[in-house]
Every structure is written in C-alpha cells, then in structure tokens.
Amino acid sequence: SLEAQLDMPRPVRMHFTGCPNSCGQAQVGDIGLMGAPAKKDGKACEGYKILLGGKVGENPALATDFAPGIPVDDLEAKLREILISEFGAKPKAPATA
C-alpha cells in the first residue's frame, strides 16, 4: 500500500519480527518493526516498536529506538510519515481518469 502512495528515492529495507528472539532481525533494517504492547484511546492493544538506522555490510550498525508502542491501526500512517521525513519519499500524484 505504501509503495502505491509514495515515490521512494532509494530502496528502504524494512525488517519485521513478532518473535521475542528477534528472528526477523529488526535491529538491522533501515526500518525495524518489533511486536510490542501499545495503547489506543487508553486501552491496551497490539502494536509495534519502530527502530531506525540499522545497517548490514561493510559498516554494520544496530538500529536505535524511534517510536515505542505504535498501535497496529496507526502503523501505516506512521510508516508513511517516517518514509517522507527520514527517507525522502514523496507522495505520488493522484491518478487521473
């Protein structure tokens, strides 16, 4: 869905894990998503912790915490915001008929 909404100047590696053992290696993605508790409207819900800045290869680095406890329902909007502000994505022009 985000690919349809945004033009990306370069590929962005997103790593996802819901496993407490970090099987998806969220710490080495440009954007890492790790299952975490969240709250929405004062109620507990499923969510994700967002990590940014992981790197692999010649100069590896672990990502740092960016946002804790983002509710699942808010994740796409938050990722869109991050892709624009941190990775230079631009919203695509609406399709014309």
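Not measured: the values here are computed from a predicted model. (Residues numbered from 1 in each chain as written. Predicted model: local features only at pLDDT ≥ 70, side-chain atom pairs only at ≥ 80, totals over all residues. Heavy atoms only, no water.)

Caption draft 1: Structural detail: helix H2 (residues 75-87). Here H2 spans 17 Å end to end across 13 residues, near enough to the 18 Å set by a 1.5 Å rise per residue. For H2, the set of buried residues is Leu75, Lys78, Leu79, Ile82, Leu83 and Phe87. Burial along H2 is one-sided: seen end-on, the buried residues are contained in an arc of 135°. Summarising the geometry of H2, the exposed residues directed more than 90 degrees from the buried face are Ala77 and Ser85. Positive phi shows up at Gly88, right after H2, with a value of about 75°. (Helix = DSSP H or I, 4+ residues; strand = E, 2+ residues; numbered from the N terminus. Expected span 1.5 Å × (residues − 1). Buried < 20%, exposed > 50% of the residue type's maximum accessible area, 1.4 Å probe, protein only. Arc of directions from axis to C-beta.)

Caption draft 2: Representation of the pattern of salt bridges in the model. This model, assessed by the stated rule, comprises five salt bridges. We note a salt bridge from Asp74 to Lys40, for which the minimum N-O separation is 2.7 Å. With Asp74 in the loop between strand E5 (64-71) and H2 and Lys40 in strand E3 (residues 31-40), the pair connects residues that are 34 residues apart, well separated along the chain. Several salt bridges converge on common partners, so that one network encompasses Arg10, Arg13 and Asp30. (Salt bridge = Lys/Arg side-chain N within 4 Å of Asp/Glu carboxyl O.)

Caption draft 3: Highlighting the packing of aromatic side chains. As enumerated under the stated definition, the model contains one aromatic pair in all. Judged by centre distance (5.4 Å) and plane angle (55°), the ring pair of Phe16 and Tyr48 falls under tilted. In this pair, Phe16 sits in strand E2 (residues 14-17) while Tyr48 sits in strand E4 (residues 43-52), placing the two residues 32 residues apart along the sequence. The class for Tyr48 is buried, based on a relative accessible area of 17%. (Phe/Tyr/Trp six-rings, centres within 6.5 Å; stacked < 30°, edge-to-face > 60°.)

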